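Residue strings, one per chain:
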Amino acid sequence: MLKQPSAGGDDGSGFTPLVVVEMAPDAKEEAVVWLTRKISASEQSGGAGLSVQQLWSGTAETEKDNPNVFLVGGSRQRLLSGAEDLGLFKEFNDGSMRAFTCANRDNFKDFKGDGDGFLSTAECQYIVKHELDSLRAKSETHIPGYEKAKLYPGKSIIRRMQSKGILVQVFPLHETEELKRLSFTWYKKVKLSLQPLDEIRHYYGEGLALYFGFLEYFTFALVPMALVGVPYYLFDWESYDKYVLFAGFNLVWCTVILEGWKRSSATMAYRWGTLSRKKAFEEPRPGFHGVLGFNPVTGREEPLYPNTKRLLQVYLVSVPFVVLCLYLSLYVMMVYFLMEGWALSLHAAEPTFWTTVLTFVPSVIYAVVIEVMNLIYRYAAEFLTGWENHRLESSYQNHLVLKVLLFNFFNCFASLFYIAFVMQDMVLLRQCLATLLITSQILNQVMEAFLPYWLQRRRNKKMMRRAHKRASPPPAEMPLADQVRLEADMSTYLGTFDDYLELFLLFGYVSLFSCVYPLAAVLVVLNNVTEVYSDAFKMCHVFKRPFSEPAANIGVWQLAFEAMSVIAVVTNCALIGMSPQVKSYFPESETQLILWTAAIEHVLLALKLILTFVIPDVPKHIQTKLARLEFESLEALKKKKMLEAPVQ
């Protein structure tokens, strides 16, 4: 079992494994020796300065065990030096969050003695990952033993070996005891309380903690809408045209909650020390390729790719492909309406129980087809975005998010817009929205809750069979070798992309059309509650532990949700303008109705824009603390320059 690491053992005082590096079982010995020497070599000689040990010294315990599995850690001093290089923020003695420096380490709150326990395991693993990613080729022209695996100065060694299949995976180890404690407080104990976000951040890092924080915030933000929606649904069931008040509530709700979230996330980011952290210079992403040249900023040799060629690929290939997919989605939607019309005609000709059931079948089939199309398109979008050859990971993610959001929005909501504004059938809109929402939630629960639980049970049984085959009785604690075997077979967590995408679509269902189906918010609240428990279970028992990623906010997804809220304002204004109550005020002129609706919509959008400026994204008390910290840093820099200045 992985023992509780502090900041790694001191030189010669013991080895604490933090990260597993697994190479291919048939990897050439020259490549294995070369990489391990690179990892353990000093920084001055181009190495990472880390400690590395082979999991199975000599021979593996079983024939199926991979002999090329290595454990990587670091001395306490090396990890503290890495924390300074990365600019990790830690709590200062005065309670503020400041970038850690070794020279000033005694002034940090939790630094005791030689720093044992000062860095969390997640921070140590993040530092090790950064040092491994920073291993770059110097004079080597290829990976030893692999003539075709070319290297050039500045190329990331780890990423090159992964792309060639020489390196299978790199992952951080779980801490068994801490994971048990986190599991108990997170999802095993049935409770009506908030998630342990600080503990999640301590174990998994800020990026994942912010996702769970947003999921929790979104769920609580839905409660007022759900409380309004239940009586609205019960006492106004047949009056589909009386949705003006609920649509007005939607207009206010979708604006206020997003502004509130920005303040909430800023508070968490400040508490965790990522709000004022300077963003590191972004290195080229692993899949980036091009002609070897010199970066004009860093002066390092790296691949160069003409921006004109990338733009041609985007506008001549990617954009037409996305348009073609949108057309295909539109075609599928029209097929759905033909099926819906056929089912309704059968029910009108002979209304029975079975024909009533039949009227829901087209919507269920369409909902399943939407989920399948979204999945297929996701793979196509990833391939296409990779082919566009973006230099930076942030640029790659932005283009991928744009493609996926555009298609998912059109695929999921086009039929609802068509029913609402072309057919103007509120009864069918309610039925279609309810069917799409319920079917998609059932599919998501099967894929995200029941399937992971089944996989985990299956994996545990497999490990138990292996343990029973051994002659010796199983120990009370899992040996490190068994832990590495178990975690190596776990699924890899691919990040929060799909999780945010699911919340984005649910936010769309609620903010756009819930005024005609008030129970939508109730269904989303129930979905989110189960989502918290299923996601927590998966993170603790189904996925490998992901590397911690510092984050100050939810990134591009904040813009996506705000764009959806703008569309929600326009949609709800249009629905209000179509209601019989409002139409009765303009009995003779439809043009006047349209103009008044457009004018009110523009006023509301202007108010929404004003709110974004009036309500500060960062609370005032945090702004004051950040300003004071900046002032003290400038004063310290002035004093340093005065001391270093030569005496006249």
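I will try to describe carefully the structure that is included in this document. (Residues numbered from 1 in each chain as written. Predicted model: local features only at pLDDT ≥ 70, side-chain atom pairs only at ≥ 80, totals over all residues. Heavy atoms only, no water.)

Quick look at the overall build of the chain now. Assigned secondary structure in the chain consists of 20 helices and 10 strands. Once local pairs closer than 6 in sequence are excluded, the contacts in the chain between residues at least 24 apart make up 74%. When the accessible surface of the chain is summed, it comes to about 32400 Å², and 64% of that surface belongs to carbon and sulfur atoms. (Helix = DSSP H or I, 4+ residues; strand = E, 2+ residues; numbered from the N terminus. Contact = heavy atoms within 4.5 Å. Areas by Shrake-Rupley, 256 points an atom, 1.4 Å probe, with all protein chains shown as cover.)

Our next topic: the environment of Gly260. Looking at the element boundaries, Gly260 is found in helix H8 (residues 244-272). The sequence separation of Gly260 and Asp617 amounts to 357 residues, and the corresponding C-alpha distance is 8.2 Å.

Counting buried positions along strand E3 (residues 69-73) yields 5 of 5 residues, so the element is predominantly enclosed. Every second residue of E3 is oriented toward a common face, with Val69, Leu71 and Gly73 on one face and Phe70 and Val72 on the other, all of them buried. When strand E1 (residues 19-23) meets E3, the two strands line up antiparallel, connected through 4 bridges. Residue pairing across strands places Val19 opposite Val72, the latter belonging to E3. Sheet topology places strand E2 (residues 51-54) next to E3; 4 bridges connect them, and they run antiparallel. Bridge assignment links Gln54 to a residue of E3, and that residue is Phe70. (Buried < 20%, exposed > 50% of the residue type's maximum accessible area, 1.4 Å probe, protein only. Pairing = 2+ DSSP bridges.)

In this section: the pattern of salt bridges. Scanning the model with the defined rule gives 21 salt bridges in all. With a closest N to O distance of 3.3 Å, Lys538 and Asp535 form a salt bridge. Note that Lys538 and Asp535 are positioned in helix H16 (residues 520-542) at a spacing of 3 residues, about one turn of the helix. Classification of Lys538 as buried rests on a relative accessible area of 9%. (Salt bridge = Lys/Arg side-chain N within 4 Å of Asp/Glu carboxyl O.)

Turning our attention to the side chain of Ser440. Along the chain, Ser440 turns up in helix H13 (residues 426-469). A relative accessible area of 7% places Ser440 in the buried class. Polar side-chain contacts of Ser440 include one of 2.9 Å to the backbone oxygen of Leu437. (Polar contact = N/O pair within 3.5 Å; in protein donor to acceptor, adjacent residues only side chain to side chain.)

How two aromatic rings sit relative to each other is given by the distance of their centres and the angle of their planes. Under the defined criterion, the tally for this structure stands at 34 aromatic pairs. Look at Phe214 and Tyr500: their rings are 6.2 Å apart centre to centre, the planes differ by 50°, and that puts the pair in the tilted class. Separated by 286 residues along the polypeptide, Phe214 in helix H7 (residues 206-235) and Tyr500 in helix H15 (residues 497-513) bring together distant segments of the chain. With respect to burial, Phe214 and Tyr500 carry one shared label: buried. Aromatic side chains Tyr493 and Phe543 sit 5.3 Å apart centroid to centroid with 55° between the ring planes, which places their arrangement in the tilted category. Of the two residues, Tyr493 is situated in the loop between helix H14 (480-488) and H15 and Phe543 in the loop between H16 and helix H17 (556-578); the sequence distance between them amounts to 50 residues. (Phe/Tyr/Trp six-rings, centres within 6.5 Å; stacked < 30°, edge-to-face > 60°.)

Read across the open sheet, the 4 strands follow the order E2-E3-E1-E8; overall the sheet is antiparallel. Pairing within the sheet leaves two strands with one partner each, and these edge strands are E2 and strand E8 (167-172). Between one strand axis and the next, the sheet turns by 20° as a mean value, whatever way the strands run. Lying on the sheet, helix H3 (residues 121-133) is in contact with E1, E3 and E8; it crosses E1 at an angle near 35°. (Axes fitted to C-alpha atoms, helices over the stretch in contact; angles between N-to-C directions.)

Under the 1.5 Å per step criterion, the end-to-end length of helix H1 (residues 29-40) is 17 Å for 12 residues, consistent within 8% with the ideal 16 Å. Those residues of H1 that fall on the buried side of the exposure criterion are Ala31, Val32, Trp34, Leu35, Thr36, Lys38 and Ile39. (Expected span 1.5 Å × (residues − 1).)

Before going further, it helps to spend a moment on the layout of surface pockets. One number sums up the size of the second largest pocket: a volume of about 1200 Å³. Leu375, Asn444, Met447, Glu448 and Asp498 are the residues nearest the centre of the second largest pocket, which is lined by 34 residues in total. In terms of residue class, the lining of the second largest pocket is made up of 19 nonpolar, 7 polar and 8 charged. (1 Å grid on protein atoms, 1.4 Å probe; cavity = no way out; pocket = protein on both sides within 12 Å on 5 of 7 lines; lining within 4 Å. Points joined across faces, edges and corners; volume = space filled by probe spheres on them. Nonpolar A, V, L, I, M, F, W, Y, C, P; charged D, E, K, R; others polar.)

To continue, consider the packing of H8 against helix H19 (residues 590-614). Close contact between H8 and H19 brings their axes to 10 Å; oriented N to C, the two are set at 20°. If you check the angle between H8 and H19, you find them roughly parallel. H19 is crossed by H8, and the crossing has right-handed handedness. Contacts from Leu251, Cys254, Thr255 and Glu259 in H8 reach Leu604, Lys608, Leu611 and Thr612 in H19. (Parallel < 35°, antiparallel > 145°, perpendicular 65-115°, else oblique. Left-handed = near helix turned anticlockwise from the far one by under 90°.)

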